Amino acid sequence: MSPVWLVARREIRTRVRTRGFIIGTLAIIAIMGGYAALMAFIGNQASTTKIGVAPEAAAVGEPLRTAGEAYGQTFLISTVPVPAGEQQVLDGDLDALITGTPAEPRLVVKRAPDSSVEAALNAIVQQQAMNVELARSGVDPFAVRAAADNAQVAVTSLETDDPHRGERIALAIASGIVLYMFLIMGGQMIAQGVVEEKSSRVVELLLSTIKPTQLLAGKVVGIGLTNLLQMVVIAGAALIAAGVGGVLTLPSAALTSTLLWALAWFVLGFFTYATILAAASSLVSRQEELQNVISPVIMLLVVPFIIGVSVLPGSPDSTLAAVLSLVPGFSPTLMPMRIALGVAAPWEIAVALALSIAAFALLLHLGGRIYSNAILRTGSRVKLREALRTT
């Protein structure tokens, strides 16, 4: 293991100290923070409606503000004269203006009215009209309203609703994106490094002192630890930001379990894909040929990622996702997402781990043979059949 660790330490020192690694890590953190802030701003803007109320219709303002909560909206009410209010609507400073009287209000908008504002205002007007008619008939409107409010349907839930469902979905999507991104980045880093060393003949010097399998293992371990370090730093920054912003309220046990499983699946997935990509890239000697041999491997990562982000958020119990999460190669992306959603049974996790470890052992054996037979052969592309031959 000493030669393996020497190669791994060389990879770590070479890559972690580079300006690209530091700037790239900070850039990813900044992008993620900016994206989260943008989504929060857009969500806040989408749920907030600015409404002006003319002085003669001021009595509608407070009931309208209260009604907004029933529609999941925040109505910001301000009193404004009609001429100035109409101009603010045209300028986009107000989303709507209410004029007229409390009994007969008018809704002034720039183009089409917001459906929630229109519905809330209609409900207020209808309630007022009903109160007037009940008073004319000698019936107490408040008593009728109290009786109507107390009349509710009885609800029986066959399953308990998860109060953290939204957070679990967000965490699952974030896990899938981060794992996919770092598996792709790490795998391509391995492939490019192999071709660079082969084309520059550096690998010939290295293999004069260590075995090909030791060199392969050292590169995979070194780049894997480098990517793991970068992922932990970025994930830690994201969790701190989420905690400070109060958007993550999952129980600490569930959150810790999700993160540990994500790290475990990243390690297993990275070693698997890195071994395949290192073996595949050893078949060629030029960077121009690299994409042709690694594209089929990259597709194995793209497919589960697309399934995960498109199917699991809307259907966590999807049979397709459950079955594919057991398939080696698909498990490192899909299983952590299902664990984050809380739908992965312990036996499913155990089966996926066993199958993935068995597949990794087989691929490590084949990948080591391909790498050993092809890494010193320059010039034209080495055929896979020749690289698999036992020497």
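These numbers come from a predicted model, not from an experiment.

A. Fine view of the overall build of the protein. Looking only at helices and strands, the protein features 15 helices and four strands. The proportion of buried residues among the 391 residues of the protein is 38%. On the protein, roughly 21100 Å² of surface is accessible, and the fraction owed to carbon and sulfur atoms is 63%.

B. Looking closely at the UniProt feature "transmembrane region" (unreviewed entry) in the protein. UniProt records the feature "transmembrane region" (unreviewed entry) for residues 20-42, 169-191, 228-248, 260-281, 293-312 and 347-367 in the present numbering. The annotated region residues 260-281 carries 100% helix and 0% strand content, and the separation between its end C-alpha atoms amounts to 31 Å. When the span residues 293-312 is considered, its composition is 95% helix and 0% strand, and the gap between its end C-alpha atoms is 30 Å.

C. Focus on the sheet that holds strand S1 (residues 48-53). Judged by pairing direction, the sheet is mixed, and its four strands sit side by side in the order S2-S1-S3-S4 without closing on themselves. A strand with exactly one partner marks an edge of an open sheet, and here the two such strands are strand S2 (74-79) and strand S4 (105-108). When strand polarity is set aside, the average angle formed by the axes of neighbouring strands in this sheet is 25 degrees. Taken strand by strand, helix H5 (residues 115-136) contacts S1, S2, strand S3 (96-100) and S4, and its axis lies near 175 degrees from that of S4.

D. Summary view of helix H1 (residues 2-16). An ideal rise of 1.5 Å per residue puts 21 Å on 15 residues; H1 measures up with 21 Å between its terminal C-alpha atoms. When we look at burial in H1, the residues that qualify are Val4, Val7, Ala8 and Glu11. In an axial view of H1, the angular spread of the buried residues amounts to 100 degrees, which keeps them on one side of the axis.

E. Main features of the pattern of salt bridges. Under the counting rule described, the total for this entry stands at two salt bridges. Note that Arg65 and Glu62 form a salt bridge whose closest N and O atoms lie 2.4 Å from each other. Taken together, the positions of Arg65 and Glu62, both in helix H3 (residues 61-70) and three residues apart, correspond to about one turn of that helix. Of the charged contacts in the structure, one is a salt bridge between Arg338 and Glu348, with a shortest N-O distance of 3.2 Å. Separated by 10 residues along the polypeptide, Arg338 in helix H13 (residues 331-341) and Glu348 in helix H14 (residues 346-374) bring together distant segments of the chain. Judged by its relative accessible area of 3%, Arg338 is buried. According to the relative accessible area criterion, Glu348 is buried, its value standing at 9%.

F. Region of interest: the packing of helix H7 (residues 165-199) against helix H11 (residues 287-311). Axis separation between H7 and H11 bottoms out at 11 Å; the angle between their running directions is 160 degrees. Taken as axis vectors, H7 and H11 run roughly antiparallel relative to one another. Considering the relative orientation of H7 and H11, their crossing is right-handed. Contact with H7, carried on its side by Gly176, Ile177, Tyr180, Leu183, Ile184, Gln188, Ala191, Gln192, Val195 and Glu196, involves Gln287, Leu290, Ile294, Ile298, Leu301, Val302 and Phe305 of H11 and no other residues of that element. Its residues assigned to classes, the contact of H7 with H11 comprises 12 nonpolar, four polar and one charged.

G. How the structure looks around the environment of Val7. Within the secondary structure layout, Val7 lies in helix H1. For Val7, a relative accessible area of 9% gives the class buried. When the C-alpha atoms of Val7 and Ile210 are compared, they prove to be 9.7 Å apart, with 203 residues separating the residues in sequence. Ignoring anything within four residues of it in the chain, the contact list for Val7 reads Ile210, Leu215, Gly218 and Lys219.

H. Looking closely at the pairing of S1. Counting buried positions over the six residues of S1 gives five, a clear majority of the element. Relative to S2, S1 is paired through six bridges, and the arrangement is parallel. Looking at S2, one finds that Val53 is bridged to Thr79. Sheet topology places S1 next to S3; three bridges connect them, and they run parallel. What sits directly across from Val53, in S3, is Ile98.

Procedures and definitions
- Residues numbered from 1 in each chain as written.
- Predicted model: local features only at pLDDT ≥ 70, side-chain atom pairs only at ≥ 80, totals over all residues.
- Heavy atoms only, no water.
- Helix = DSSP H or I, 4+ residues; strand = E, 2+ residues; numbered from the N terminus.
- Buried < 20%, exposed > 50% of the residue type's maximum accessible area, 1.4 Å probe, protein only.
- Areas by Shrake-Rupley, 256 points an atom, 1.4 Å probe, with all protein chains shown as cover.
- UniProt positions renumbered as here; feature names shortened; annotations may be inferred.
- Pairing = 2+ DSSP bridges.
- Axes fitted to C-alpha atoms, helices over the stretch in contact; angles between N-to-C directions.
- Contact = heavy atoms within 4.5 Å.
- Expected span 1.5 Å × (residues − 1).
- Arc of directions from axis to C-beta.
- Salt bridge = Lys/Arg side-chain N within 4 Å of Asp/Glu carboxyl O.
- Parallel < 35°, antiparallel > 145°, perpendicular 65-115°, else oblique.
- Left-handed = near helix turned anticlockwise from the far one by under 90°.
- Nonpolar A, V, L, I, M, F, W, Y, C, P; charged D, E, K, R; others polar.

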